[in-house]
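Understanding the architecture of this molecule
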Amino acid sequence: MINLKIISGSTRPGRFGIQPTTWIYNIAKEMSDINVELIDLVEVNLPFLNEPIPPSQNKYSLEHTIKWSKVISEADAFIFVTPEYNHSFSPALKNAIDYLYLEWNYKPVSFVSYGSLAGGARAVEHLRGVAGEIKMYDLREQILLPNYWENLNEKGEYQFNERHVESAKGIIKDLIFWGETMKKAREALAK
Ligand SMILES: Cc1cc2nc3c(=O)[nH]c(=O)nc-3n(C[C@H](O)[C@H](O)[C@H](O)COP(=O)(O)O)c2cc1C
């Protein structure tokens, strides 16, 4: 069993981001060979990075960092769910990533993004560059929700379709494959 952690990158009151996060979490929960956790950065509530020593040295001094490190250490695979703010991903997600280093290393990640015409594609392109720097393996496949506001029902709920569900299942299957493969590789590296 691998641990998949789905991180919701938007922290705004009234955010749309919690909808696609909950949606993909519910799909993953129904799949076998996987433990799933939804991580809401509002609840994690990290301050702006305030550790005195860079994370690659793995010498944390603050309680919130030690707690966050434990959460991410336990993971074998990730889905980052991000809005697009000024053609990039959310500052809350960048801050949460920057806190740690080794905890992200050699783990696969995929993405769900949303926004206007580009559906958050530019945000994910930036995230892929960051993923490379923290030695993550970014999957080619991602889910984009362009002009998401055109697809809400009268209650403001996004109407996911069969194609979205199929993409999500394909991504989660790939994350299980790479999550297991990279878990073994990490164990081999640690020997
Ligand atoms: C600061 C800010 C910048 C934004 N910039 C973009 C952008 O560059 N591209 C885009 O598609 N949407 C942009 N938007 C619109 C967002 O896609 C939309 O507000 C979305 O609901 C934000 O996600 P959230 O509700 O989960 O926070 C921006 C929104 C904010 C608040």
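Each remark here, short or long, concerns the structure printed above.
First things first, this report covers the structure right here in the doc. (Residues numbered from 1 in each chain as written. Predicted model: local features only at pLDDT ≥ 70, side-chain atom pairs only at ≥ 80, totals over all residues.)

Another aspect to go through is the packing of helix α1 (residues 18–29) against helix α6 (residues 162–190). Running from N to C, α1 and α6 cross one another at 60 degrees; their axes reach a closest spacing of 10 Å. When the axis of α1 is compared with that of α6, the two are oblique. Relative to α6, α1 is oriented so that their crossing is right-handed. Residues Ile24, Ile27 and Ala28 of α1 touch α6, and the partners they reach there are Val165, Ala168, Lys169 and Ile172. Across the contact of α1 with α6, the residue classes tally to six nonpolar, no polar and one charged. (Axes fitted to C-alpha atoms, helices over the stretch in contact; angles between N-to-C directions. Helix = DSSP H or I, 4+ residues; strand = E, 2+ residues; numbered from the N terminus. Parallel < 35°, antiparallel > 145°, perpendicular 65-115°, else oblique. Left-handed = near helix turned anticlockwise from the far one by under 90°. Contact = placed C-beta atoms within 7 Å. Nonpolar A, V, L, I, M, F, W, Y, C, P; charged D, E, K, R; others polar.)

As a further point, take the environment of Asn153. By secondary structure assignment, the location of Asn153 is in the loop between β5 (137–146) and α6. The exposure class assigned to Asn153 is exposed, which follows from the 8 C-beta atoms found within 10 Å. Once the C-alpha coordinates of Asn153 and Gly132 are considered, the two residues, 21 residues apart in sequence, prove to be 38 Å apart. (Buried ≥ 20, exposed ≤ 12 C-beta atoms within 10 Å, placed from the backbone.)

Right, let's get into the nonpolar core. Core analysis: the largest hydrophobic core is formed by 46 residues, its most contacted members being Leu4, Ile6, Ile24, Ala28, Ile79 and Phe80. Among residues more than four places away in sequence, those in contact with Leu4 are Ala28, Ile34, Asn35, Val36, Ala77, Leu175 and Gly179. (Core = buried A, V, L, I, M, F, W, Y, C linked by C-beta atoms within 7 Å.)

Attention shifts here to the pairing of strand β2 (residues 34–40). Where strand β1 (residues 2–8) lies against β2, seven bridges are found, and the strand directions are parallel. Considered in β2, the bridge of Ile6 is made with Leu38. Once you follow β1 into α1 and on to β2, the crossover reads as right-handed. (Pairing = 2+ DSSP bridges. Right-handed = clockwise from strand over helix to strand, strands pointing away.)

Another aspect to go through is the site of the ligand. In the vicinity of the ligand lie 13 residues, with Ser10, Gly17, Pro83, Gly115 and Ser116 positioned nearest. When grouped by side-chain class, the residues that make up the shell around the ligand number four nonpolar, six polar and three charged. (Near = placed C-beta within 6 Å.)

So, about unusual backbone geometry. When glycine is set aside, most residues are seen to have a negative phi, and most peptide bonds are trans. Unusually for a residue other than glycine, Asn45 sits at a positive phi of about 55 degrees. Here Asn45 shows up in the loop between α2 (41–44) and α3 (63–73). For Asn45, a count of 10 C-beta atoms within 10 Å translates into the label exposed. Despite not being glycine, Asn147 shows a phi value in the positive range, around 40 degrees. Residue position: Asn147 is located in the loop between β5 and α6.

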